[in-house]
Amino acid sequence: IYSCCYLSRRLNQLSSHDPLWKRHCKKYWLISEEEKSQRNQSWKAIFISTYSDLGRYIRYYATLKKAWDDLEKYLGQRCPRMIGSLKESVQEEDLDAVEAQIGCKLPDDYRCSFRIHNGQKLVVPGLMGSMALSNHYRSEDLLDIDTAAGGFQQRLGLKQCLPLTFCIHTGLSQYMALESVEGRNKYEIFYQCPDQMARNPSAIDMFITGTSYLEWFTSYVNKVVTGGYPIIRDQIFSYCFPFCRYVHDKECVATTGDITVSVSTSFLPELSSVHPPHYFFTYRIRIEMSKDALPEKACQLDSRYWRITNAKGDVEEVQGPGVVGEFPIISPGRVYEYTSCTTFSTTSGYMEGYYTFHCLYYKDKFFNVTIPRFHMVCPTFKVSTARMVSRDAVETNHNEYAVDEDEDSTDTDEYEDRRRVLDIPAPSGRCPRHT
């Protein structure tokens, strides 16, 4: 419209009609009435000045700005101290300088996000979520553009890959491929996965977490603000995780009498491998008795029973006393939570079972409480070119792989989420302690 307005008087009049520009300002730049009044400009002037600065991002800006606004609003209500870790936006010349430094073009959706926020400071807990499991702790930060550029990779297995996140505890990053090399798609986002069976130690497979920056970031924010990642307060460290990377399925809840059991799960790429097939999952269980229950309903957990099924239909049964070495007492309004883990040799599986309790007032009365079935699925993964070459493979197609090898899964309740990580154990074939 702005360009066409010079062709006729009527179009010129139309292009000056401010309500027309108001609609575009709100649609493409999310400009509010309050912001408009503060700027003391017409809608047309605001649109033109904003377009001159952010015009190349018009396809992405509104979606990413809304995601950032939703995230900031959520953090402001739940974790206000996290707001202070967010960095101010960068300018076009800063992003251009990074492209010149690494010798690769950055995708426009990625650039657009940094025009809104330049990632965050390297702090704990990180913006991209935290997870605690016995002697393993992870907190992931969203990197600012300069730190990301400093981590740009050209080594075998990670050629032309840019880190998006970083965990100071595990050294793990999520990377974005800036070119279609080594079996990756351009702009694909993934976790690296060292291949323990490759002859070449630099060979790396990958667990894919996004097909583009826009899809990766907005889907993550959506899970956060809709409660898909629960808020968990860690009593020992006395800070609030902004959100934990345990995915909570709202249907994964079971109520038996006055007791409700709900489950959240998380896949740990840093403790998993494709070769050999070893997929490590952790799950967080919440046991709660209704506050309206009668006092005589108080009870104590005696034992647990698990039925574990992998993707091939193989079943393992596990039974043992207590959970994480404890025998919690549940009374009206009380909540007990704990974290444990399991491993599969297949890319997915599920668990279900029950807890056995005895009543405190009627000690001879025992009853079972259902644990709902919960599924664990690892992200799609690909096998790297480096691994295939290092094993003298002749196949050159880089398709998505699924694993068929057979190995029993393992379950343990000997993990607690109450201790700080000091050493990160190398991936092993089984959970460190099996019960």
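Residues numbered from 1 in each chain as written. Predicted model: local features only at pLDDT ≥ 70, side-chain atom pairs only at ≥ 80, totals over all residues. Heavy atoms only, no water.

(A) Spatial organisation of the overall build of the protein chain. Secondary structure summary: the protein chain contains 11 helices and 20 strands in total. Within the protein chain, buried positions represent 51% of all 435 residues. (Helix = DSSP H or I, 4+ residues; strand = E, 2+ residues; numbered from the N terminus. Buried < 20%, exposed > 50% of the residue type's maximum accessible area, 1.4 Å probe, protein only.)

(B) Main features of the side chain of K382. Considering the arrangement of structural elements, one finds K382 in strand β19 (residues 381-382). The exposure class of K382 is buried, given its relative accessible area of 6%. In this structure the side chain of K382 is engaged in a polar contact, spanning 3.4 Å, whose partner is the side chain of E188. (Polar contact = N/O pair within 3.5 Å; in protein donor to acceptor, adjacent residues only side chain to side chain.)

(C) Fine view of the pattern of salt bridges. Taken as a whole, this structure holds 22 salt bridges when the rule is applied. The partner of R39 in a salt bridge is E35, with the nearest N and O atoms 3.7 Å apart. You can see R39 and its partner E35 sitting in helix α3 (residues 33-39), 4 residues apart, about one turn around the helix. Accessibility expressed as a relative area gives 31% for R39, which makes it partly exposed. Residue E35 is classed as partly exposed on the basis of its relative accessible area of 29%. Salt bridges sharing common partners tie together D53, R56, E92, D96, E99, K105, D108, R111 and R115. (Salt bridge = Lys/Arg side-chain N within 4 Å of Asp/Glu carboxyl O.)

(D) Examining the sheet that holds strand β5 (residues 174-177) more closely. Reading across the sheet, the 5 strands line up as β3-β5-β6-β7-β19 and stay open at both edges, with antiparallel pairing between neighbours. Two strands bound the open sheet, and with one partner strand each, they are β3 (161-163) and β19. In this structure, strand β7 (residues 204-210) lies alongside β19, joined through 2 bridges in antiparallel fashion. By the bridge assignment for β19, F207 is matched with F381. (Pairing = 2+ DSSP bridges.)

(E) Region of the structure containing the sheet that holds strand β1 (residues 130-133). An order of β1-β2-β4 is seen for the 3 strands of this open sheet, with the pairing classed as antiparallel. The sheet is open, and its two borders are formed by β1 and β4 (165-167), each paired with just one other strand. Adjacent strand axes in the sheet meet at a mean angle of 20°, parallel and antiparallel pairs treated alike. (Axes fitted to C-alpha atoms, helices over the stretch in contact; angles between N-to-C directions.)

(F) Inspection of the side chain of N310 at higher detail. Relative to the helices and strands, N310 resides in strand β13 (residues 299-310). Residue classification places N310 among the buried positions, given a relative accessible area of 7%. Separated by 3.0 Å, the side chain of N310 and the backbone nitrogen of D314 make a polar contact.

(G) The arrangement of helix α7 (residues 92-102) in detail. Those residues of α7 not exposed but buried are E92, L95, V98, E99 and I102. Looking down the long axis of α7, one finds its buried residues gathered within 125° of arc, a one-sided arrangement. Every exposed residue of α7 that faces more than 90 degrees away from the buried side is listed here: E93, A100 and Q101. Two residues or fewer past α7, G103 is found with a positive phi of approximately 75°. (Arc of directions from axis to C-beta.)

(H) Highlighting the nonpolar core. The biggest cluster of nonpolar side chains holds 51 residues, and the ones touching the most others in it are L71, L106, Y110, L127, Y213, F217 and F243. For this core, the secondary-structure elements that each account for two or more residues are α2 (18-29), α4 (43-54), α5 (61-78), α7, α8 (108-114), α9 (145-150) and α10 (213-225). Of the residues that make up this core, three or more belong to each of domain 1 (4-56) and domain 2 (61-220). Beyond its immediate sequence surroundings of up to four residues, L71 is in contact with L127, F217, V221, V224, V225 and F243. Residues C252, V274, V318 and V323 belong to the second largest nonpolar core, which totals 37 residues. (Core = buried A, V, L, I, M, F, W, Y, C linked by side-chain atoms within 4.5 Å. Domains from an automatic or database assignment. Contact = heavy atoms within 4.5 Å.)

(I) Fine view of the environment of M289. Relative to the assigned elements, M289 resides in strand β12 (residues 279-289). On a C-alpha basis, the gap between M289 and V261 in space is 9.0 Å, while along the polypeptide they are 28 residues apart. Not counting the four nearest positions on each side in its chain, M289 is found in contact with D258, I259, K297, A298, C299, I330, S331, P332, G333 and R334.

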